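The primary structure of each chain is shown beneath.
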Amino acid sequence: MTSEPATTQDASPPAPPLGAPRGLAGLLSSGDHKTIGRMWILSALCFGAFSLVCGVLLNLERTQTPRINVFLGEEAYWQVFSLYRVGMVFLFVVPLFLGLATCVVPLQIGASSTAFPRAGAAAFWLWLTGGVILIAGWGIDGGLAQGGRQRSVELSLLAFAMVVVSILIAVVVLLTTIFTQRAEGMSLTRVPIFTWSMLVSAAVWLLSLPVLLANLVIMWVDLRGVAAARYGLGENLYEQVSWVFEQPQVFAFLIPVLGIIGQIVPLAFGAPMRNYRFVMVRVGLVGAFCLGVGLQGFFSPNAHTTPVFVVGGLILAFLLVLGPITQMPHLIRSSPRLPAPTFHLVLSLVSMALMVTAAALAVIRVLGGAVGFLRSFDAANESWQNRLDSALSPLDDLWGSAAGGALLDLVLVTAAAAAIAGIFFWAPKLFGKTLARPAGYFAPPVLLIGGLGLGIIGLVAGFVGQPDLPGRHSTSAVAQGVSLVSSAAAILVLVGVGLALMAALLGVVALSRGASTEANPWSAHTLEWATASPPVVSNFAVAQKVRSMTPLLDQDPVADDSEAAVSQEEMS
Amino acid sequence: MTTTEHSAHAAVQPEVVPAAVPPRRRTLQVGTGFASACLLMYFGALLGIYLSERADFLSANQGSTWIPGGAVLELASPTVMAWTLLLSVVTMQWAVRATSQADRRHILIALLVTALFGVAVINQFVFLFRQMGLEIDDGSVAAPLIYTITGSFLAFLVIAHVFLFIMAVRVLASPQPNVHIDGMSAAALFWHSMVFIYWVLWIAVFVTK
């Protein structure tokens, strides 16, 4: 094995086959995973910016300053509240990771395409249509809130179900790709950590999103009658899907973060990840403990006080911080060969910091569940209850407070920061160039400050009694002040996502003009860097054979290059 | 080895041939497996909610019945459906085996019988809906749940029929039917998942009421 990275294949920018449709027709009919992945990413960033605007407005409304009367009534406020959460998760973070995975995973495993390219394209277009209808449904007095017009609410539910189904299709495509399209020698234990993390995330989403779909269908069927019996009632709509935005399920959106950090940070520090199998097991365990389908507050209101929730929550938080704890000393001792520019590394470190903060916040909230568990031991004993009140009531009250929303925001900003880091890191493969510098300079600090602001300030808001579910009336002046700071933090996050969107758009424009760059600018060792930037149409000029976890270190540069050159000539 | 032997050996060396085509991956089967897992979770959630709501209702309303007055959930028809679907498992496997042996006649017969069983179940479901007299608007919590569960099953059974039809066309139109064993096995997997789901549904909704 050589110590130098192998020379990578160099190829001209990809050109569509002769006779293939170009322009919009080309986009609409494309089954190329890279094109579809780029469309997921761009659309998700657009939806993300829209959802964040809703978030800023909500925070401004919470300040309760008389001059800021953003919404016309409490019902509209509820509608935007639910739109914000649904949009941030299902139109922004999950599709962003799916887009990145659709682009990168086939390259990482040495596949020429995804398993079902047309199904992958159908998933994207279904999701985009569903997302637009979802927002339109909210716009015509629909949404998951009381007071909406029944038909509009039905439309919103259908559109939401459409979005969930499309994500499930994309997940099935991704999982099948990982299981069936790997290059020769690429066993599951050799796949890069990002692919592994996407495998775990996709498995968790595959098992949990059908449950959400079931919730939505029940609501829709109940609403189809003359009068809803229980599930379609306005005040119950959001409650039934709220488990997706709560602990522990919310951490399912953090699993790909572990993969992106694991891919970027060790590479930048020049220190390969230690105990790779252990890391894989850890990511798998995070996935296992994220499954919160059984902890639906609507059907079992005291689910958060059960031992399963408390113990599971603590283990989950421990697993999340275990990675940085175990890998950091090894990284510090290494001799870093920092990439230039370092944007993706800085964004990964920002994401790591936010993830550790989220884990800490999760522990505080789980302790609140533990207080409820302690209460249930002797519910009739007044002195026992009083003692708990005096010692632990702040934690107890934290459940159902703004701290829940803060945790969700923190997780989502963490995920966004990591996904943007991934976009910067894989930009040569996505866009054929490294991304614009202004976005790289400004996105990390604004996302860090914005994310920490939303998380920590939200926790403070929870302690001062601000409820998570919206009431227009804040409980105290302190809570109003806290909301003002939250608004500023939300604006910062919006700026960060906006910068990433601009950078990605510039990347797409450059790609359309035929941009191409060095195949392996970061001297990485995984298979996606073995092909040109941007990759050729079928990803690799020759079929890849893998002998270890670092295929680029194993390749025989001379033999592979000559083989690749012959193949390129044949292709041309 | 002498020089003569060596040259003779070299002379019989075959020409360089292209690399062997890698064996077909079971892409469709794996994908269908994941889709079936999705389906199982979906119905698992529906039945979980149903059983949880029924238990809560019965503990809160001692002495009253879960199925609203006036509605009748008979057991005979659902039981016949359960056994019909169980028989279709056998015919489906017959189709898979016939496909692996490229036996067109048996493929056609097996698929037709399977589809017939499926259509019979759909027909019985429609009959059941008319017979049970369960109004979705009567304000009961049971009605929307029962209709969601049975309606979802019916919808997915129709999808299973479509899947079966597509595979039938592919297999029967192909000069080599056994090449499509992956697709036929995938259709069978989906079908078996539907049968399994129905049996759970039958016990949870119709037997235990």
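Fair warning: this is a prediction, and the values are worked out from it, not measured in the lab.

### A few points about the overall build of chain B
Then comes step 1: Looking only at helices and strands, chain B has six helices and zero strands in total.
Then comes step 2: Listing each helix as α and each strand as β along chain B from the N terminus yields α-α-α-α-α-α.
Then comes step 3: Taking all 209 residues of chain B together, 42% fall into the buried category.
Then comes step 4: The long-range fraction of contacts in chain B, counting pairs at least 24 apart against all pairs at least 6 apart in sequence, stands at 80%.
Then comes step 5: For chain B, the computed accessible surface area is about 10700 Å², with 68% contributed by carbon and sulfur atoms.

### Observations regarding the confidence of the model for chain A
Residue and element names in this part refer to chain A.
Then comes step 1: On average, residues of chain A carry a pLDDT of 82, and 88% of them reach 70 or more.
Then comes step 2: Segment residues 1-11 is flagged for pLDDT under 50; beyond a separation of four residues in sequence, or across chains, it makes 31 contacts in the model.
Then comes step 3: Counting contacts from residues 557-572, a segment whose pLDDT is below 50, to residues more than four positions away or on other chains yields 14 contacts.

### Description of the interface of chain B and chain A
Accessible area lost when the parts come together is the quantity often used to give the size of an interface.
Then comes step 1: If you look at the interface, chain B gives 28 residues, while chain A gives 29 residues.
Then comes step 2: Interface area, chain B with chain A, both sides summed: about 2300 Å², of which 74% is carbon and sulfur.
Then comes step 3: Its salt-bridge partner being glutamate 53 of chain B, residue arginine 230 of chain A comes within 2.6 Å of it at the nearest N-O pair.
Then comes step 4: Summed over the shared surface of chain B and chain A, the number is two residue pairs in polar contact (both at pLDDT 80 or more).
Then comes step 5: Elements that contribute at least two residues to the side of chain B that touches chain A include exactly helix H2 (27-60) and helix H5 (142-173) of chain B.
Then comes step 6: The residue inventory of the side of chain B that touches chain A, partitioned by class, reads 16 nonpolar, seven polar and five charged.

### Some points on the pattern of salt bridges
Residue and element names in this part refer to chain A.
Then comes step 1: One pass over the full model with this rule turns up five salt bridges over all chains.
Then comes step 2: A salt bridge links glutamate 154 to arginine 151, with the nearest nitrogen and oxygen atoms 2.5 Å apart. Linking glutamate 154 with arginine 151, this pair stays in helix H5 (residues 150-180), spanning three residues, or about one helical turn.
Then comes step 3: Its relative accessible area of 54% is what places arginine 151 among the exposed residues.
Then comes step 4: Through salt bridges with shared partners, one network takes in Arg151, Glu154 and Arg224.

### Quick look at the packing of helix H3 (residues 76-100) of chain B against helix H6 (residues 181-207) of chain B
Residue and element names in this part refer to chain B.
Then comes step 1: Two elements in contact, H3 and H6, have axes separated by 10 Å at closest approach and are oriented at 165°. Between H3 and H6, the angle is such that the two are roughly antiparallel. H3 and H6 meet at a crossing whose hand is left-handed.
Then comes step 2: Tallied by class, the residues present in the contact of H3 with H6 amount to 20 nonpolar, seven polar and no charged.

### Some remarks on the packing of aromatic side chains
Then comes step 1: Tallying each qualifying case throughout the model produces 33 aromatic pairs over all chains.
Then comes step 2: Measuring from centroid to centroid gives 6.0 Å for phenylalanine 124 of chain A and tryptophan 127 of chain A, while their planes differ by 40°, and the two rings are tilted. Of the two residues, phenylalanine 124 of chain A and tryptophan 127 of chain A both sit in helix H4 (residues 117-139), three residues apart, roughly one turn of that helix.
Then comes step 3: Members of the aromatic cluster, joined through ring pairs, are Tyr42, Phe43, Phe125, Phe129, Tyr147, Phe153, Phe156 and Tyr198 of chain B.

### Re a nonpolar patch on the surface
All names here are of chain A.
Then comes step 1: Residues Ile456, Val460, Phe463, Val464 and Val478 make up a contiguous nonpolar surface patch of roughly 390 Å² in combined accessible area.
Then comes step 2: By residue number, the principal contributor to the nonpolar patch is helix H15 (residues 437-463), which donates three residues.
Then comes step 3: As for its position among the elements, phenylalanine 463 is in helix H15.
Then comes step 4: For phenylalanine 463, a relative accessible area of 43% gives the class partly exposed.

### Describing the side chain of glutamine 249 of chain A
Then comes step 1: Relative to the assigned elements, glutamine 249 of chain A resides in the loop between helix H7 (234-241) and helix H8 (255-269).
Then comes step 2: Non-local contacts of glutamine 249 of chain A, meaning those with residues more than four positions away in its chain, are made with Val204, Ser208, Trp243, Val244, Cys290, Leu291, Gly292 and Val293 of chain A.

### A look at the side chain of glutamine 181 of chain A
Then comes step 1: Among the secondary structure elements, glutamine 181 of chain A is positioned in the loop between H5 and helix H6 (193-224).
Then comes step 2: Since its relative accessible area comes to 16%, glutamine 181 of chain A is described here as buried.
Then comes step 3: One polar contact links glutamine 181 of chain A to threonine 180 of chain A, side chain to side chain, over a distance of 3.0 Å.
Then comes step 4: For glutamine 181 of chain A, the contacting residues outside a window of four places in its chain are Ile109, Gly110, Ala111, Ser113, Ala115 and Thr176 of chain A together with Arg25 and Thr27 of chain B.

### A closer look at helix H3 (residues 74-108) of chain A
Residue and element names in this part refer to chain A.
Then comes step 1: Between its terminal C-alpha atoms H3 stretches 49 Å, which fits the 51 Å expected from 35 residues at 1.5 Å a residue.
Then comes step 2: The largest bend along H3 measures about 35° and falls at glycine 87.
Then comes step 3: With 32 of its 35 residues buried, H3 lies for the most part within the structure.

### What about the packing of H3 of chain B against helix H4 (residues 104-132) of chain B?
For any two helices packed against each other, the geometry is given by the interaxial angle and the distance between the axes.
All names here are of chain B.
Then comes step 1: Relative orientation of the contacting elements H3 and H4 amounts to 160°, with a least axis distance of 8 Å. One element, H3, and the other, H4, form an angle in the roughly antiparallel class. Considering only the axes of H3 and H4, their crossing is left-handed.
Then comes step 2: Of the residues belonging to the contact of H3 with H4, the class tally is 19 nonpolar, eight polar and no charged.

### Points about the environment of threonine 180 of chain A
Then comes step 1: Within the fold, threonine 180 of chain A resides in helix H5.
Then comes step 2: We classify threonine 180 of chain A as buried; its relative accessible area is 7%.
Then comes step 3: Setting aside chain neighbours within four positions, we find threonine 180 of chain A in contact with Ala115 of chain A together with Arg25, Arg26, Thr27 and Val30 of chain B.
Then comes step 4: A polar contact of 2.7 Å, which involves the side chain of threonine 180 of chain A, links it to the backbone oxygen of threonine 176 of chain A.

Reading guide: rules and limits
Residues numbered from 1 in each chain as written. Chains lettered and ligands numbered in written order. Predicted model: local features only at pLDDT ≥ 70, side-chain atom pairs only at ≥ 80, totals over all residues. Heavy atoms only, no water. Helix = DSSP H or I, 4+ residues; strand = E, 2+ residues; numbered from the N terminus. Buried < 20%, exposed > 50% of the residue type's maximum accessible area, 1.4 Å probe, protein only. Contact = heavy atoms within 4.5 Å. Areas by Shrake-Rupley, 256 points an atom, 1.4 Å probe, with all protein chains shown as cover. pLDDT = per-residue confidence, 0-100. Buried area = accessible area lost by both parts, 1.4 Å probe. Salt bridge = Lys/Arg side-chain N within 4 Å of Asp/Glu carboxyl O. Polar contact = N/O pair within 3.5 Å; in protein donor to acceptor, adjacent residues only side chain to side chain. Nonpolar A, V, L, I, M, F, W, Y, C, P; charged D, E, K, R; others polar. Axes fitted to C-alpha atoms, helices over the stretch in contact; angles between N-to-C directions. Parallel < 35°, antiparallel > 145°, perpendicular 65-115°, else oblique. Left-handed = near helix turned anticlockwise from the far one by under 90°. Phe/Tyr/Trp six-rings, centres within 6.5 Å; stacked < 30°, edge-to-face > 60°. Patch = residues over 30% accessible without salt bridge, like charges linked within 9 Å, V, L, I, M, F, W, Y side chains within 5 Å. Expected span 1.5 Å × (residues − 1). Bend = angle between axes of the 7 residues up to and from the residue.

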